[in-house]
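Examination of the molecular architecture
Residues per chain are reported as follows:
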Amino acid sequence: MNKTTPKLPGTGMRILSFVPVVNCFVMIYLGISYAEKLTLILGGAYLLISLIFPDVSPLIWLVVVIHYIIFYRQIKRKMMEVRKVPSENATVKQIKNTLPEKQSFSDITISGEVENKQTIPEKGSSVPIPFTVSLTYHNPHEEFFEDIKKYADKKGAETIFVPFMSYWPSYRSMSGPQRKWYFYWRSEIRKKNYLDTDLSYIFIYIYELLNGVGYQTPGEGYTLLLEIWEAYREAFPKLNNYLYDWSFDFAYLNGIEPSFANYESSFHKASFVTDTIIEQHRQDVPIKLSFELVDALCDYSIKGSKFYQSGYHEVMKEAIPRIVSLADAFLRKKSQQGLLETFGPEQAITKERYLYRSALCPQANQTISVTVKEYSSAPQLRNYVNQLVRFGENTLREIYGTKGRLRGIEIDEETGNLIASFLKKEYGLIEIEANKETKPAKLELDFENIDDLRKQSDAVRSILQVEDVASEELVVPTKKMLLTEVEEVNAIYKALSENERAFLKKLYESDYEAELAPVDTQTISAINRLADRYLQNDLISIEGERIIIEDDFRDEIDFLFKNPPEIEVVIENQADFDKTLLPEKLQEFVTEILPEQRQSLIAVLTLKEPEIELERIAEEAMTMPELLIDDINALAINLLGDIIIETQLEVVAEYAVILKKSLRGE
């Protein structure tokens with residue numbers, strides 16, 4: 001029978017244990033919670049002595065602090081012992097290693113006469129001893145699959161919510177009260193009552209659906225996946241990273257036509273799913289890509305821009321897809337080829353795709369061969385869409401009179417004039433309407449011209465209509481773009497090297513602009529790589545022969561240098577990778593991963609039981625351990641073509657040897 005692994009007291013308990021008198025109550029609580037009678041009795045005794053003899057309270061306080069430290073270490077030791085107890089069901093490999101290998105001998109013939117010596121007496125016959133070895137393969141995933149079938153129809157009575165966060169959650173990683181809440185919550189979900197809950201509960205429910213539990217037909221299962229996604233995607237945006245692929249895999253394996261509308265309103269990234277969706281629009285004339293798909297094709301983060309975040313998101317969501325359609329129509333008029341044909345990949349490629357990556361289901365991490373044109377990772381296409389979007393946003397900023405312009409935009413004059421003219425006609429009227437009270441004007445109407453303009457406008461709208469745009473009147477925001485990225489810019493500054501900080505300061509002191517020197521390129525790339533992580537956009541742009549700090553972040557840079565943050569001293573012996581000892585691809589990989597991801601990778605690489613350390617890292621980064629691992633693997637797939645951390649929390653062998661050799665400070 002499995003026992004629940006004891007858990008360490010939380011941070012709150014550790015803080016309260018140092019508060020006089022209150023720490024006595026802490027010991028009583030811990031004695032009850034961990035069924036430690038001695039701790040319970042002593043906690044009560046400490047409290048009584050403190051109340052009866054106030055003079056000895058300081059001494060009692062010190063005794064309780066020492067007692068808490070001893071108690072904490074005992075619980076930690078128990079956790080380690082539980083982990084070290086071997087399973088009753090030893091693995092085949094373990095048993096094989098304990099059995100002696102069968103010896104084999106070669107026949108040897110020695111020349112010469114037979115020596116007349118005393119013969120060796122014959123060995124007496126021995127009675128065979130019956131010997132049976134029972135081999136059982138213990139697989140936690142198999143246990144989970146068995147439990148899924150066991151609990152498939154279990155219903156839960158109403159109960160209180162109990163928080164639950166677990167690394168690859170399962171039924172056995174839940175306590176009794178957590179299981180009661182899960183089955184009650186699942187019963188309500190099956191009635192379409194989506195109660196608030198924790199992400200780990202949602203993952204278990206999703207795993208059930210991927211394993212065929214909770215529905216009669218694959219079509220019904222696919223609908224349930226989309227419904228749980230829709231219900232919790234706002235509360236847990238990370239669900240987009242998983243269900244975007246998992247639900248598509250489910251549809252693919254079960255021969256279901258995917259509901260592309262669901263995917264096009266979701267978070268996007270360069271992937272097989274994104275490429276498949278874009279392919280569905282290839283025959284559109286002009287092309288009609290949703291806002292989310294355009295965002296997926298753009299290196300510039302539209303949603304991360306200050307203009308978008310300052311109340312202009314509805315304008316951007318409507319205008320940006322129309323700009324792309326307009327550019328596509330213009331290209332077709334000039335060369336008979338649209339956006340995808342002109343800048344996209346010429347041929348489709350066949351490659352392996354991992355199914356249900358990181359999920360708990362039998363098909364997880366199996367591979368299939370898929371053939372698709374890789375639109376979402378085509379450099380020319382991404383660059384062109386990037387320029388269209390940034391130029392369009394600059395035009396909208398001009399129309400609405402907001403400060404700041406995006407830098408480093410390169411677009412041909414004809415296309416630029418066409419986009420600017422279209423946006424000013426369509427959205428400039430809104431600005432005029434918003435300001436008509438402050439700028440009254442006498443209008444003389446020519447009704448024949450108005451009728452012609454109306455017809456032309458209707459024609460343009462019908463051509464450039466993308467999806468179903470909201471019929472509500474656009475609200476013109478009045479608030480300014482605020483100084484909102486101070487923390488992010490500070491984080492970038494702290495992560496820079498001394499030389500990179502000096503470069504940024506020199507650029508700031510030169511009124512945000514300077515001449516471009518050949519040696520600056522590498523420094524700019526390093527700064528922008530960090531900016532992409534924290535701001536989802538570049539901090540420094542290059543315009544011709546000049547380097548310029550982006551307008552949107554100049555206020556933050558000014559604040560930074562007027563209020564410089566404290567820079568932590570780097571510990572020389574702290575474990576890190578020596579990039580000079582790594583091959584090129586691994587150099588790029590360890591450069592790209594975030595600090596918390598690097599710590600997690602080192603923990604998995606060096607610790608026999610990294611779970612506790614991963615929990616600590618995840619807590620500091622305000623995320624979950626499994627999400628940290630998945631993000632590391634997602635980056636590894638993009639840069640190395642394969643995952644780097646396996647589900648049993650081990651670094652893939654071919655990378656482990658190289659990475660361990662490159663570790664410094666170990």
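Just above sits the structure.
Reference entry: report on the structure contained in this document. (Residues numbered from 1 in each chain as written. Predicted model: local features only at pLDDT ≥ 70, side-chain atom pairs only at ≥ 80, totals over all residues. Heavy atoms only, no water.)

Focus: the overall build of the chain
We count it as follows: Put simply, DSSP marks the helices as runs of H or I at least four residues long and the strands as runs of E at least two long, and each gets a number from the N terminus on. Note on exposure labels: buried denotes an accessible area under 20% of the residue type's maximum, exposed denotes more than 50%, and partly exposed covers the range between, all computed with a 1.4 Å probe on protein chains only. Throughout, a contact is declared for two residues whenever any of their heavy atoms are within 4.5 Å. Using the Shrake-Rupley algorithm and a 1.4 Å probe, accessible areas are obtained, with residue cover drawn only from the displayed protein chains.
A tally of helices and strands in the chain yields 27 helices and nine strands. Relative to its 666 residues, the chain shows a buried fraction of 43%. Excluding contacts between residues fewer than 6 apart, the proportion of contacts in the chain whose partners are at least 24 apart in sequence is 68%. Surface exposure of the chain reaches about 39400 Å², of which carbon and sulfur atoms provide 53%.

So, a nonpolar patch on the surface
How we decide: Patch membership requires over 30% relative accessible area and the absence of a salt bridge. Like charges are linked within 9 Å, and nonpolar side chains (Val, Leu, Ile, Met, Phe, Trp, Tyr) within 5 Å. Counted as salt bridges are all cases of a side-chain nitrogen of Lys or Arg within 4 Å of a carboxyl oxygen of Asp or Glu.
A cluster of nonpolar side chains, contributed by Leu-48, Ile-49, Leu-51, Ile-52, Phe-53, Val-56, Leu-59 and Val-63, occupies part of the molecular surface with about 740 Å² of accessible area. Looking at the nonpolar patch, the elements with two or more residues in it are helix H3 (37-52) and helix H4 (57-84). Top element by residues in the nonpolar patch is H3. It accounts for four residues. As for its position among the elements, Leu-51 is in helix H3.

Overview of the packing of helix H23 (residues 584-592) against helix H26 (residues 625-640)
Note the following rule: Between N-to-C directions, angles span 0 to 180 degrees; the directions come from axes that are lines fitted to C-alpha atoms, helices contributing only their stretch in contact. For a crossing to be left-handed, the near helix must be turned anticlockwise from the far one by less than a right angle; the clockwise case is right-handed. The nonpolar class holds Ala, Val, Leu, Ile, Met, Phe, Trp, Tyr, Cys and Pro. Asp, Glu, Lys and Arg form the charged class, and all remaining residues, Gly among them, are polar.
The interhelical angle for the contact between H23 and H26, taken along N-to-C directions, is 145°, at an axis separation of 10 Å. Like other packed secondary-structure pairs, H23 and H26 cross with a definite hand, here right-handed. Residues Lys-585, Leu-586, Glu-588, Phe-589 and Glu-592 of H23 touch H26, and the partners they reach there are Ile-632, Leu-635, Ala-636, Leu-639 and Leu-640. Tallied by class, residues from the contact of H23 with H26 come to seven nonpolar, no polar and three charged.

Concerning the packing of aromatic side chains
Defined as follows: In this analysis, rings of Phe, Tyr and Trp, with Trp reduced to its six-membered ring, are considered paired at centre separations within 6.5 Å, and the interplanar angle assigns stacked below 30 degrees, edge-to-face beyond 60, and tilted for intermediate values. Throughout this description, the term charge over a ring refers to an Arg CZ or Lys NZ atom that lies within 6 Å of the ring centre and within 35 degrees of the ring normal.
Using the criterion set out here, one finds 32 aromatic pairs in the structure. Seen from their ring centres, Tyr-182 and Tyr-201 are 6.3 Å apart, and the 15° between their planes marks the pair as stacked. Here the residue Tyr-182 occupies a position in helix H7 (residues 176-189), and Tyr-201 occupies one in helix H8 (residues 199-210), the gap between them amounting to 19 residues. Each of the two residues, Tyr-182 as well as Tyr-201, counts as buried. A cation sits over an aromatic face here: Arg-501 above Tyr-493, 5.7 Å from the ring centre.

Quick look at the nonpolar core
Formally: To qualify as a nonpolar core, a set must consist of buried Ala, Val, Leu, Ile, Met, Phe, Trp, Tyr and Cys residues joined through side-chain atoms within 4.5 Å.
Judged by nonpolar contacts, the single largest core of 126 residues is most densely connected at Trp-185, Trp-246, Leu-396, Phe-589, Ile-644 and Leu-659. A total of twelve residues in this core trace back to one element, the largest contributor, which is helix H14 (residues 306-335). Judged by nonpolar contacts, the second largest core, of 22 residues, contains Ile-524, Ile-527, Leu-539 and Ile-549.

Quick word on the pairing of strand E2 (residues 367-372)
Cut-off, in case you're wondering: A strand pair is defined by DSSP finding two or more bridges across the two strands.
Residues of E2 alternate between two faces, with Ile-368, Val-370 and Val-372 buried on one and Thr-367, Ser-369 and Thr-371 left unburied on the opposite face. Here strand E1 (residues 349-354) runs beside E2; their pairing, made up of six bridges, is antiparallel. Among the inter-strand pairings, Thr-350 is bridged to a residue of E2, identified as Thr-371.

Describing unusual backbone geometry
Of note, the bond from Val-285 into Pro-286 is cis; its omega dihedral lies within 30 degrees of zero at -10°. Summarising the element assignment, Pro-286 is placed in the loop between helix H12 (272-280) and helix H13 (291-296). A positive phi angle, near 70°, is found at Lys-192, a position not held by glycine. By the element assignment, Lys-192 lies in the loop between H7 and H8. Taking relative accessible area as the criterion, Lys-192 reaches 45% and is therefore assigned partly exposed. Notably, Tyr-512 is not glycine yet its phi reads approximately 70°, a positive angle. For Tyr-512, the location among the structural elements is in the loop between helix H20 (498-509) and strand E3 (513-515). Look at Tyr-512 and you get buried, because its relative accessible area is 14%.

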